[in-house]
Amino acid sequence: MASLKDLRLRIRSVKSTQKITAAMKMVAASRLRRAQEQAEAARPYAQRMERMLGSLAGKMAGRAGAPALIAGTGKDDVHLLIVTTSDRGLAGGFNASILRETRRRIRDLQAQGKTVKLLTIGRKGRDSLKRDYGKLIVDSLTEVGRRQLGFADARAIAEKVLAMFEDGQFDVATIIFNRFKSAMTQIVTPQQLIPFAPPKSAEDGDKGGAVYEFEPEEEAILGELLPRNLAVQVYAALLESAASEQGARMTAMDSATRNAGEMINRLTITYNRTRQAVITKELIEIVSGAEAL
Amino acid sequence: MAERLLFELVSPERLLLSEEVDMVVVPGAEGNFGVLKGHSLLISTLRPGVIDVYEGQVVTDRIFVAGGFAEVTPEGCTVLADEAVAVSDLDAGAVEAELREIEGAAANLRESVARLSGPERDAAQRELVQAERRQAAVVAKLAAARERSAAAH
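Residues numbered from 1 in each chain as written. Chains lettered and ligands numbered in written order. Predicted model: local features only at pLDDT ≥ 70, side-chain atom pairs only at ≥ 80, totals over all residues. Heavy atoms only, no water.

Q: Outline the side chain of Glu-245 of chain A, listing residues and values.
A: With respect to the helices and strands, the residue Glu-245 of chain A is situated in helix H6 (residues 218-292). Dropping the residues within four chain positions of it, Glu-245 of chain A is found in contact with Ser-86, Ala-91 and Phe-94 of chain A. (Helix = DSSP H or I, 4+ residues; strand = E, 2+ residues; numbered from the N terminus. Contact = heavy atoms within 4.5 Å.)

Here it is in structure tokens:
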């Protein structure tokens, strides 16, 4: 049986762990609030962008010579997977679930004879995928939006992806990220970026038969809009991922704090019992010693 | 003028402005255009320039945009801006410094395009095109800033 001193030390160490996890939970909660506000603020732009694209794509539909970002390259041999993970751990199943989905996709695509390339965002994704699929990683970014995630971060990633696409390095690009549902639940979401699937609602949209004028002509606007839309999509995914990360960490740290509390209670009971046993034993020794005289 | 239109200015990061105005003049890619209530449906790209917001006959707000898109409907006008700054917040000195910096960067890139070859050259070329676009935006910004300080004097 553990000695009293061992138990005391053990309790003290669990208590300090509990303090750390409680503090991390608070930090994650406040970061989560910020991330949610940011995601909320970015929504109007994305919605309007989508509406414009919808009416444009509706007009372009069925016409030859649509830009490659919508029409694709005509092949789907090389797939680029953009994997968004976090830089830091201790976020429950956040990274594990993304990586599980990624591995599954890689296996599926490879089984179909496709080539897979990976672009990892976040240190955790890079470190984990490097082991099995090191050769597939074409680029990895860390510390994205370390301080504050900005649109510039997303644009930099989008430009990188676009440059690769123009070089013909891949045919299909998909971003895999955690969509934020609540602090408890995050949903792993794969979203195809290139070729871009225009929103369906546009064709039978609320504007009905209304026809926009375009200035300059459709092709030129689409040519500007599509790369920008890519950055917007990446930005939205990064924001969702950031909110999910904080949500997952908050939940994980909450249960860690609770578990530590239970452990402290158990250890305290053992400690008290042991202490009582020691006292009883000493009393018995004294009493039997006195009787022997 | 009871007929007012809803003017919205949105950056990728947030909704900057959403208000009822009488008229806006937007720097379209093929020339400035004014938007009143009941304008026909239009989508246009923007060149770097200044958006004028009118209340009656008076300009109440001048906002510099570095580029973006405008969507016009009979009810309103939505501008998706890359970068938007109120002209009154522009500082000619700071913008000049920004311009010098970007000119330096563009010159460097031009030099690397001339020197390199193969894929490296293509990458530099791409960066150069972007730098030149940024430069054009900053030139327009500087013009807006200068115009303001001239008007103030």
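Q: Mind laying out the interface of chain B and chain A, listing which residues take part and the relevant values?
A: Counting residues at the interface gives 29 residues for chain B, matched by 30 residues for chain A. Each partner contributes to the roughly 2,600 Å² buried at the junction of chain B and chain A, and carbon and sulfur atoms together form 60% of this total. In this structure, the connection of chain B to chain A is made through four salt bridges. Between the two partners, chain B and chain A, sit 11 residue pairs in polar contact (both at pLDDT 80 or more). Residue composition of the side of chain B that touches chain A, by class: 13 nonpolar, eight polar and eight charged. One ladder, built from three bridges, connects strand E6 (residues 213-215) of chain A with strand E5 (residues 42-46) of chain B; its direction is parallel. Each residue of the ladder has a partner; that of Phe-214 of chain A, found in E5 of chain B, is Ile-43 of chain B. (Buried area = accessible area lost by both parts, 1.4 Å probe. Salt bridge = Lys/Arg side-chain N within 4 Å of Asp/Glu carboxyl O. Polar contact = N/O pair within 3.5 Å; in protein donor to acceptor, adjacent residues only side chain to side chain. Nonpolar A, V, L, I, M, F, W, Y, C, P; charged D, E, K, R; others polar. Pairing = 2+ DSSP bridges.)

Q: An account of helix H4 (residues 123-133) of chain A is needed here, citing residue identities and associated values.
A: Side chains that are three or four residues apart share a direction in an α-helix, a result of its 3.6 residues per turn. Residues and elements named next belong to chain A. Residues Gly-125, Ser-128, Leu-129 and Tyr-133 constitute the buried set of H4. Relative to the axis of H4, the buried residues are bounded by an arc of 100° and lie together on one face. Looking at the buried side of H4, the elements it contacts are strand E1 (78-84), helix H3 (94-111), strand E2 (115-121) and strand E3 (137-141). (Buried < 20%, exposed > 50% of the residue type's maximum accessible area, 1.4 Å probe, protein only. Arc of directions from axis to C-beta.)

Q: Could you give me a rundown of the confidence of the model for chain A, with the residues and numbers involved?
A: Residues and elements named next belong to chain A. Put simply, chain A has an average pLDDT of 87, and 93% of its residues get 70 or more. When pLDDT is averaged over each element of chain A, H3 comes out on top at 94 and helix H2 (residues 68-71) at the bottom at 77. When the criterion is pLDDT under 50, residues 201-209 qualifies, and its contacts beyond four places in sequence or with other chains add up to five contacts. (pLDDT = per-residue confidence, 0-100.)

Q: Which residues make up the side chain of Ser-241 of chain A, and what values do they have?
A: Structurally, the position occupied by Ser-241 of chain A is in helix H6. Residue contacts for Ser-241 of chain A: discarding those within four places in its chain leaves Thr-84, Phe-94, Phe-177 and Asn-178 of chain A.

Q: Residue-level account of the nonpolar core, with values.
A: Formed by 49 residues in total, the largest nonpolar core has its most connected members in Leu-80, Ile-82, Ile-157, Val-161, Phe-170, Ile-194 and Leu-225 of chain A. Counting residues per element, the ones that place at least two in this core are helix H1 (4-60), E1, E2, helix H5 (151-166), strand E4 (172-180), strand E5 (186-194) and H6 of chain A. Sorting elements by how many residues they give to this core places H6 of chain A first, with 12 residues. Apart from residues lying up to four places away in sequence, Val-161 of chain A is in contact with Leu-80, Ile-82, Leu-119, Phe-170, Ile-194 and Leu-230 of chain A. Counting 19 residues, the second largest nonpolar core, distinct from the first, contains Leu-5, Phe-7, Phe-33 and Cys-77 of chain B. (Core = buried A, V, L, I, M, F, W, Y, C linked by side-chain atoms within 4.5 Å.)

Q: Break down the environment of Asp-76 of chain A for me, citing the residues and quoting the values.
A: Residue and element names in this part refer to chain A. Note on placement: Asp-76 falls in the loop between H2 and E1. Among the residues examined, Asp-76 registers a relative accessible area of 36% and is labelled partly exposed. Measuring from C-alpha to C-alpha, the distance between Asp-76 and Pro-227 comes to 20 Å, with 151 residues separating the pair along the chain. In this structure Asp-76 touches Lys-114, Asp-171 and Val-172, once residues within four positions along its chain are discounted. A polar atom in the side chain of Asp-76 sits 3.5 Å from the side chain of Lys-114.

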